[in-house]
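Listed below, chain by chain, are the residues.
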Amino acid sequence: MNNKRKKMNNKNNNNNNNNRKISNNKKSVSNKFVVLAIIGLVAVVGIAISYPYFISADTTSGYSLDKSNLLGDWHDVHGVGLFNTGDNSNDGSIYLATHTGLYSKNQNSSWVKVGSDRSDLMGFLINPAKEGIMYSSGHPVNGGNLGFRMSTDSGKTWQMISSVTDTPIDFHAMSISPVNDDILYGSPGGGNALFVTQDQGKIWSSITSIPFQIISIAADPVDSNGVYIGTASGLFYSNDQGNNWKKIESELIGDSVVTGMGFNQDNELFAYIIPKMEDSNNQNGYIIKSDNSVNNWSKTDGQIPYVKAAWKFAFGQNGEIYTIVNQQTSQKEIASSVYKSTDDGNTWILKGTNRENIL
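The structure displayed is predicted, hence computed values, not measured ones.

Rules of the game
- Residues numbered from 1 in each chain as written.
- Predicted model: local features only at pLDDT ≥ 70, side-chain atom pairs only at ≥ 80, totals over all residues.
- Heavy atoms only, no water.
- Pairing = 2+ DSSP bridges.
- Helix = DSSP H or I, 4+ residues; strand = E, 2+ residues; numbered from the N terminus.
- Buried < 20%, exposed > 50% of the residue type's maximum accessible area, 1.4 Å probe, protein only.
- Polar contact = N/O pair within 3.5 Å; in protein donor to acceptor, adjacent residues only side chain to side chain.
- Contact = heavy atoms within 4.5 Å.
- Core = buried A, V, L, I, M, F, W, Y, C linked by side-chain atoms within 4.5 Å.

A closer look at the sheet that holds strand E18 (residues 227-231)
Ordered in space as E17-E18-E19-E20, the four strands form an open sheet in which the pairing is antiparallel. Looking at the sheet topology across the chains shown, the edges are occupied by strand E17 (214-219) and strand E20 (246-247). For E18 and strand E19 (residues 234-238), the ladder comprises five bridges, and the chain directions are antiparallel. Within the sheet, the bridge partner assigned to Val-227 lies in E19 and is Ser-238.

The structure is reproduced here in structure tokens:
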């Protein structure tokens, strides 16, 4: 691995802007209660704390406070991504893979459904090198599993590339190598295996000798054979496409739950950590980032409030960071939201949610 990787303000009631920034000033005010982070059959118990936090309007957007720009009619969001190819056809749209199909939004639009497919997209990827190419997995509306699918028209239509196993699989976590986009990784619901393809999804091999149940995957940005897995008991790295594993040692991670990951353009790894109950000491879950060696870690200055888990990090061409989160909005209600940061995680801007009370 060596040296190979480079680089929430009081509440503002300005109702003329629709984006919200969250500053880094947070404080724990509640006693511990249970957080469930569920991936397929994986259930993880942690601590969730309510946050007092500062909000300011996003003065860069030019929007009026039009809730239609932020509200989406999806259920759960499982994936997020955007195209970074620099192609002229790229309109800056961000895509959300949800329980009810694919949604998109560009800088000036509301959230809209993409295509006619309404499948539960548990697994979702955008090809980093090829405009319009997406991959998905999960469950069709009528039940069953989707196998591994590809779209060549930005999610308007899909075709199955492989069932992966004898009966179609349902990948819940997926990643693609930035070095060689023929190489993809997937892990099904339950996280009990890692699947690898060398030919963009036609043929897959299965690796069952994994350290713990897989929740998230991040392919190494500089080594086509390298891959990280976030598990129910820490973060692990393989330099041989999953045949052998080494645990990433850090006080900020330890044996905690790693729910979401993603590399930025400076080859720094972002991740969301949920401390296990016995290790938490009433501690919140939190976003962390590594240096470009993925050896040294720190908490980001900004943390998003009321978060039960963050499931994915995606990055734009100009350093933007997107993450999808589940947020506790009331004792019985959970919001599924997407946030954006333009300052390396110091502040977070709400870009979409399915619960109006988040606004």
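Section: the side chain of Thr-98
Looking at where Thr-98 falls in the secondary structure, it is placed in strand E6 (residues 94-98). Taking the relative accessible area as the measure of exposure, Thr-98 reaches 0% and is therefore buried. Only 2.7 Å separates the side chain of Thr-98 from the backbone oxygen of Gly-101, close enough to count as a polar contact. Beyond its immediate stretch of four places on either side in the chain, Thr-98 contacts Trp-74, Asp-76, Val-77, His-78, Tyr-103, Ser-119, Asp-120 and Leu-121.

Points about the environment of Val-141
Mapped onto the elements of the fold, Val-141 is located in the loop between strand E10 (134-139) and strand E11 (148-151). Taking C-alpha positions, Val-141 is 8.8 Å from Asp-117, a pair spaced 24 residues apart along the chain. Excluding its chain neighbours within four sequence positions, the residues that come into contact with Val-141 are Arg-118 and Ser-119.

Focus on the nonpolar core
If you look at the biggest cluster of nonpolar residues, it comprises 35 residues, and the most contacted ones within it are Val-80, Leu-96, Phe-313 and Val-338. Secondary structure elements with two or more residues in this core: strand E5 (77-82), E6, strand E22 (269-274), strand E25 (307-315), strand E26 (321-328), strand E27 (334-341) and strand E28 (348-353). If one sorts the elements of this core by residue count, E25 sits on top with seven residues. Beyond its immediate stretch of four places on either side in the chain, Val-338 contacts Val-80, Ile-94, Leu-96, Trp-111, Tyr-322, Thr-323, Ile-324, Ile-349, Leu-350, Lys-351 and Gly-352. Tyr-228, Ile-248, Phe-263 and Trp-297 belong to the second largest nonpolar core, which has 17 residues in total.

Quick look at the pairing of E10
Among the six residues in E10, five count as buried, and that is most of the element. As defined by bridge partners, strand E9 (residues 120-126) adjoins E10 across six bridges and the pair is classed as antiparallel. By the bridge assignment, Asp-120 is partnered in E10 with His-139. Bridge analysis of E10 against E11 gives three bridges, and the strand direction is antiparallel. Paired with Ser-136 across the strands is Arg-149, a residue of E11.

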